[in-house]
Amino acid sequence: MNRIPAHLFCCAAALIATVPAAAQTPPAAAQAAPILPSYATLARQVIAAPLIIDARIRSASRVKDAQATGLAPGRARFYVEADVLTLIRGKSAVPARISYLADVPLDSRGRVPKLKKQRVLLFARPISAAPDQVQLTGADGQRLWLAELDSQIRGITREVLATDAPAAISSVGNAFHVQGSLPGEGETQIFLLTSTGSQISLQILRRPGQRPSWSVSTGDFIDESAGAPPKNTLLWYRLACGLPAQLPASAIESEDPADARIAAEDYALVRRELGPCA
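Residues numbered from 1 in each chain as written. Predicted model: local features only at pLDDT ≥ 70, side-chain atom pairs only at ≥ 80, totals over all residues. Heavy atoms only, no water.

Structural notes on the overall build of the chain
Then step 1. Scanning the chain from N- to C-terminus turns up five helices and 10 strands.
Then step 2. Residues classed as buried in the chain amount to 44% of the 278 residues present.
Then step 3. Carbon and sulfur atoms make up 54% of the accessible area of the chain, which totals about 14,500 Å². (Helix = DSSP H or I, 4+ residues; strand = E, 2+ residues; numbered from the N terminus. Buried < 20%, exposed > 50% of the residue type's maximum accessible area, 1.4 Å probe, protein only. Areas by Shrake-Rupley, 256 points an atom, 1.4 Å probe, with all protein chains shown as cover.)

So, in structure tokens, the structure goes:
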């Protein structure tokens, strides 16, 4: 059995501390047919992972449960050595062989999976003190390689690394509604604050006898022809997963009550049409 570096145990403890209860897969779920994660799930993983690696497991040694601090029920901890096939995301090259700790689900009978020779996709961060070792970023930081999954992850990575990638939304700035010259006509504009200070704004147009339409602009100029972002894109993810459920009162406190009510209704329309952050 390979000797496991002591500092990897510390990394595992830090990893488990960040794992939500919902991520602790029960044994019964391990036997289910592979289901591709949602776009939102993969986007979260890509954004949080400085390293995304396509690798093949060379060896996997189980860590005794008594030594696996914070191990979730229905999982087993392994010390894994893997050969790097491709670095999907990373600022610098990684060694041809890496090692890491992974908590993997047991099967429906409580047995450990066979990991050797499996091709996997890793979401990880480097360990500065050990260049040939990485730390997975979450409970599902090791995923079984599937061609469609690989394609999705590479696509999301390209979106995240693009120079014009939309930033995370930190809060709603201000919102206002302007009534038009005809009854039922008007426009609502909602300005969003982002983590980088870049501009994102929503525009909702009302026309008499028509259903309200909305668009999103990501620059300094309002582009009402841009339309709503397609689902399962990074801009859709930033909005669907970053906007609060309701328009904050602070965003419309200076508005006329009637205009403030319409602005809140238009914001609710946008939230409904974006759909849930899966």
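Observations regarding the pairing of strand β8 (residues 186-194)
Then step 1. Within β8, seven of the nine residues are buried, which leaves it mostly tucked inside the rest of the structure.
Then step 2. Sheet topology note: the strand β7 (residues 169-179)/β8 ladder contains eight bridges and is antiparallel. Residue pairing for β8: isoleucine 169 is matched across the bridge by threonine 194.
Then step 3. In textbook terms, the turn of a hairpin is the stretch between consecutive antiparallel strands, and for β7 and β8 this stretch comprises six residues, one of which, glycine 184, has a positive phi near 85°.
Then step 4. As paired strands, β8 and strand β9 (residues 200-206) are joined by seven bridges and run antiparallel to one another. Looking at the pairing, threonine 188 lines up with isoleucine 204 of β9.
Then step 5. Between β8 and the antiparallel strand that follows it, β9, lie five residues; glycine 197 among them carries a positive phi value of about 85°. (Pairing = 2+ DSSP bridges.)

Concerning the packing of helix α2 (residues 39-48) against helix α3 (residues 147-161)
Then step 1. Contact geometry of α2 with α3 gives a least axis separation of 10 Å together with a crossing angle of 60°. Between α2 and α3, the interaxial angle falls into the category oblique. Crossing hand, α2 versus α3: right-handed. Seen from α2, the contacting residues are Tyr39, Leu42, Ala43, Val46 and Ile47; seen from α3, they are Leu149, Gln152, Ile153, Ile156, Thr157, Glu159 and Val160.
Then step 2. Classifying every residue of the contact of α2 with α3 gives nine nonpolar, two polar and one charged. (Axes fitted to C-alpha atoms, helices over the stretch in contact; angles between N-to-C directions. Parallel < 35°, antiparallel > 145°, perpendicular 65-115°, else oblique. Left-handed = near helix turned anticlockwise from the far one by under 90°. Contact = heavy atoms within 4.5 Å. Nonpolar A, V, L, I, M, F, W, Y, C, P; charged D, E, K, R; others polar.)

A few points about the sheet that holds β7
Then step 1. Strand order in the open sheet made by the four strands is β7-β8-β9-β10, with antiparallel pairing throughout. At either end of the open sheet lies a strand with only one pairing partner, and these are β7 and β10 (213-217). For this sheet, the mean angle separating the axes of adjacent strands, direction not counted, is 15°.
Then step 2. In this fold helix α4 (residues 234-242) packs onto β7, β8, β9 and β10, with an angle of close to 90° to the strand it touches most, β7.
Then step 3. Of the strands in this sheet, β7, β8, β9 and β10 touch helix α5 (residues 257-274), which is tilted by about 110° from β9.

Digging into the side chain of aspartate 150
Then step 1. Locating aspartate 150 in the fold gives a position in helix α3.
Then step 2. A distance of 2.6 Å separates polar atoms of two side chains, one belonging to aspartate 150 and the other to arginine 154.
Then step 3. Leaving out residues up to four positions away in the same chain, aspartate 150 has contacts with Asp54, Ile88, Leu121 and Trp145. (Polar contact = N/O pair within 3.5 Å; in protein donor to acceptor, adjacent residues only side chain to side chain.)

Details of the packing of aromatic side chains
Then step 1. Per the counting criterion, the structure on display carries two aromatic pairs.
Then step 2. For arginine 119, the ring lying beneath its charged end belongs to tryptophan 145, and the centroid distance is 3.9 Å. (Phe/Tyr/Trp six-rings, centres within 6.5 Å; stacked < 30°, edge-to-face > 60°. Lys NZ or Arg CZ within 6 Å of the ring centre and 35° of its normal.)

Notes on the pairing of β10
Then step 1. Most of β10 sits out of view: four of its five residues are buried.
Then step 2. As paired strands, β9 and β10 are joined by five bridges and run antiparallel to one another. Directly across from leucine 205, in β10, lies its bridge partner serine 213.
Then step 3. Adjacent in sequence and paired antiparallel, β9 and β10 are bridged by six residues, among which glycine 209 carries a positive phi angle near 75°.

Observations regarding the pattern of salt bridges
Then step 1. Counting across every chain of the model gives 12 salt bridges.
Then step 2. In this structure, arginine 77 engages aspartate 103 in a salt bridge whose closest nitrogen and oxygen atoms are separated by 2.7 Å. Linking arginine 77 in strand β2 (residues 75-89) with aspartate 103 in strand β3 (residues 97-105), this pair joins segments that are 26 residues apart in sequence.
Then step 3. Overall, the relative accessible area of 1% leaves arginine 77 in the buried class. (Salt bridge = Lys/Arg side-chain N within 4 Å of Asp/Glu carboxyl O.)

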